[in-house]
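# Geometric and topological summary
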Amino acid sequence: MTRVGLKMKLTPGFEVEYKKRHDEIWPDLKQKLTELGVYDYVIYLDQETHILFASLKLKENHSADSIPDQEIVKKWWAYMQDIMETKADHSPVEVTLQEVFYMD
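Here is what the cut-offs are and how they apply
- Residues numbered from 1 in each chain as written.
- Predicted model: local features only at pLDDT ≥ 70, side-chain atom pairs only at ≥ 80, totals over all residues.
- Heavy atoms only, no water.
- Salt bridge = Lys/Arg side-chain N within 4 Å of Asp/Glu carboxyl O.
- Helix = DSSP H or I, 4+ residues; strand = E, 2+ residues; numbered from the N terminus.
- Buried < 20%, exposed > 50% of the residue type's maximum accessible area, 1.4 Å probe, protein only.
- Core = buried A, V, L, I, M, F, W, Y, C linked by side-chain atoms within 4.5 Å.
- Contact = heavy atoms within 4.5 Å.

### Some words on the pattern of salt bridges
Applying the stated criterion across every chain, the model contains eight salt bridges. Between glutamate 17 and arginine 21 there is a salt bridge, and its shortest N-O distance comes to 2.7 Å. Of this pair, glutamate 17 and arginine 21 both sit in helix 1 (residues 15-23), separated by four residues, roughly a single helical turn. Classification of arginine 21 as buried rests on a relative accessible area of 8%. We note a salt bridge from aspartate 82 to arginine 21, for which the minimum N-O separation is 2.9 Å. One end of the pair, aspartate 82, is in the loop between helix 3 (71-80) and strand 4 (95-96); the other, arginine 21, is in helix 1, with 61 residues separating them in the sequence.

Shown next, in the form of structure tokens:
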């Protein structure tokens, strides 16, 4: 199992819309992420800075490397690009965070 931490940035004023879209996550996107070994996925919002913190786990022998290549993921990114900081390909501007502590 691998733990992954990321940070992204939400456009101010879109907190409710961001939550709504994730509350209504597409079943085929959820299924694809599960197939790719993603589980225990959570996103937190710092309302003062609009920083999103994502934490997820990947099952053993799985990698996040193929996630950006999935068509459903690209479609989700295009859907989300109007409310968060994104790159030219609509993927979120992400910063991978270094794990410095874990308590099991």
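### Quick word on the nonpolar core
Counting 22 residues, the largest nonpolar core has Tyr18 and Leu29 as its most contacted members. Counting only elements with at least two residues in this core, the list comes to strand 1 (2-9), helix 2 (27-35), strand 3 (51-58) and helix 3. With five residues, helix 3 is the largest single contributor of residues to this core. In this structure tyrosine 18 touches Met8, Leu10, Ile43, Leu52, Met80, Ile83 and Met84, once residues within four positions along its chain are discounted.

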